[in-house]
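# Coordinates in review
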Amino acid sequence: MRGTGSHDLRVDDVVVPAEWTFVRGGGATIDEPLYRYPALAYASQVLAVVNLGIARAALNHVTAFGAGRAGLTGGPVLADRAYARIALAKAEADLRSVRAFFYEVTEEAWEAATAGTPGSEQVSLLRLAAAHAARVGFDVVRAAYTLGGTSAIEADHPLQRHLRDAAVVPQHAFLTEGMYDAAGAVFLGAQPFPGYL
């Protein structure tokens, strides 16, 4: 799962003292804000934020390398194509919007954790913001990849790697379309699927 960084860490022959462990979904053993922050929502956020970074890198690539590049067919440079300017602007707006939502609910939940414990609605918003960041991040990368044209299909092209990595993130069980259903259930006062909150 390269898009989530799951391949980067390996530890052998290490004993972790029991007081440094936790049971997923169990109560906190240390009473500090970090340990009152919702664990599953946090895990979702850690995965989803990867796509915010990949999407930023993809847009930066298109802006830096695509603006003055002429097409292989001799067409106008990307900066002179209205569809490209529109697609790039929409992708930028989408990324900044989803990033603002992600960090807004994170800040609200952190404030709740410093004062006590985040409520069910805050936990749901964290899960929703994470799933939405994963999904929109992938959509933004896909838009940048499309703007990359034929050269983006080359195996060693940066947009090829960005697309592959960004596609992984919304596939994670914590970030699937089901998160939208569960968040909608919470908004409407219905029960989300077990384990969501």
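Residues numbered from 1 in each chain as written. Predicted model: local features only at pLDDT ≥ 70, side-chain atom pairs only at ≥ 80, totals over all residues. Heavy atoms only, no water.

## Topic: the overall build of the protein chain
Assigned secondary structure in the protein chain consists of six helices and zero strands. When its helices and strands are written in sequence order, the protein chain yields α-α-α-α-α-α. Taken over 197 residues, the protein chain has a buried fraction of 37%. Partitioning the contacts of the protein chain with sequence separation of at least 6, the portion at a separation of at least 24 is 74%. Counting every atom, the protein chain has about 11500 Å² of accessible surface; 58% of that belongs to carbon and sulfur. For the protein chain, the distance from the average site of its 16 positive side-chain charges to the average site of its 20 negative ones is 9 Å. (Helix = DSSP H or I, 4+ residues; strand = E, 2+ residues; numbered from the N terminus. Buried < 20%, exposed > 50% of the residue type's maximum accessible area, 1.4 Å probe, protein only. Contact = heavy atoms within 4.5 Å. Areas by Shrake-Rupley, 256 points an atom, 1.4 Å probe, with all protein chains shown as cover. Lys, Arg positive; Asp, Glu negative; His and termini not counted. Charge placed at Lys NZ, Arg CZ, Asp CG, Glu CD.)

## Things to note about unusual backbone geometry
Glycine aside, residues mostly have negative phi, and peptide bonds are mostly found in the trans state. Even without being glycine, Asp-13 reaches a positive phi, approximately 55°. For Asp-13, the location among the structural elements is in the segment before helix 1 (33–36). Accessibility expressed as a relative area gives 83% for Asp-13, which makes it exposed.

## Considering helix 4 (residues 120–147)
Across its 28 residues, helix 4 extends 40 Å between first and last C-alpha, which sits within 8% of the 40 Å expected from 1.5 Å per residue. For helix 4, a buried count of 20 out of 28 residues is recorded, marking the element as mostly surrounded by other parts of the structure. Looking one or two residues past helix 4, Gly-149 carries a phi angle of roughly 70°, positive in sign. (Expected span 1.5 Å × (residues − 1).)

## Things to note about the side chain of His-157
Structurally, the position occupied by His-157 is in the loop between helix 4 and helix 5 (158–168). Given the relative accessible area of 13%, His-157 is considered buried. Contact partners of His-157, with chain neighbours within four places excluded, come to His-61, Ser-151 and Ala-152.

## Quick notes on a nonpolar patch on the surface
Where nonpolar side chains cluster on the molecular surface, the patch consists of Val-11, Val-14, Val-16, Trp-20, Leu-34, Tyr-35 and Trp-110 and spans about 750 Å² of accessible area. Along the chain, Trp-110 turns up in helix 3 (residues 82–115). (Patch = residues over 30% accessible without salt bridge, like charges linked within 9 Å, V, L, I, M, F, W, Y side chains within 5 Å. Salt bridge = Lys/Arg side-chain N within 4 Å of Asp/Glu carboxyl O.)

## Focus on a negative patch on the surface
A cluster of acidic residues, Glu-104, Glu-107, Glu-108 and Glu-111, forms a negative patch at the surface. Along the chain, the position of Glu-108 falls in helix 3. Here Glu-108 falls in the partly exposed class, since its relative accessible area comes to 36%.

## Things to note about the nonpolar core
Nonpolar side chains tend toward joint burial in soluble globular proteins. Within the largest apolar cluster, 47 residues are counted, with the highest numbers of intra-cluster contacts made by Ala-48, Leu-95, Phe-102, Val-140, Val-141, Leu-159 and Leu-175. Among the secondary structure elements, those contributing two or more residues to this core are helix 2 (39–66), helix 3, helix 4, helix 5 and helix 6 (178–187). Top contributing element to this core by residue count: helix 4, with 16 residues. Contacts of Val-140, omitting those with residues within four sequence positions, involve Ala-55, Leu-59, Ala-91, Asp-94 and Leu-95. (Core = buried A, V, L, I, M, F, W, Y, C linked by side-chain atoms within 4.5 Å.)

## So, the pattern of salt bridges
The tally for this structure, following the rule as stated, stands at six salt bridges. The partner of Arg-135 in a salt bridge is Glu-177, with the nearest N and O atoms 2.9 Å apart. Note that Arg-135 is positioned in helix 4 and Glu-177 in the loop between helix 5 and helix 6, a separation of 42 residues in sequence. Between Asp-139 and Arg-142 there is a salt bridge, with the nearest N and O atoms lying 2.4 Å from each other. Of this pair, Asp-139 and Arg-142 are both found in helix 4, three residues apart, which corresponds to roughly one turn of the helix. Via salt bridges that share partners, Arg-56, Glu-92 and Arg-96 belong to a single interconnected network.

## Considering the packing of aromatic side chains
On inspection of all chains with the given rule, the structure shows four aromatic pairs. Geometrically, the ring pair formed by Phe-102 and Tyr-103 is edge-to-face, given 5.1 Å between the ring centres and 80° between the ring planes. Note on Phe-102: relative accessible area 3%, which makes it buried. With a centroid separation of 5.4 Å and 65° between ring planes, the pair formed by Phe-193 and Tyr-196 is classed as edge-to-face. (Phe/Tyr/Trp six-rings, centres within 6.5 Å; stacked < 30°, edge-to-face > 60°.)

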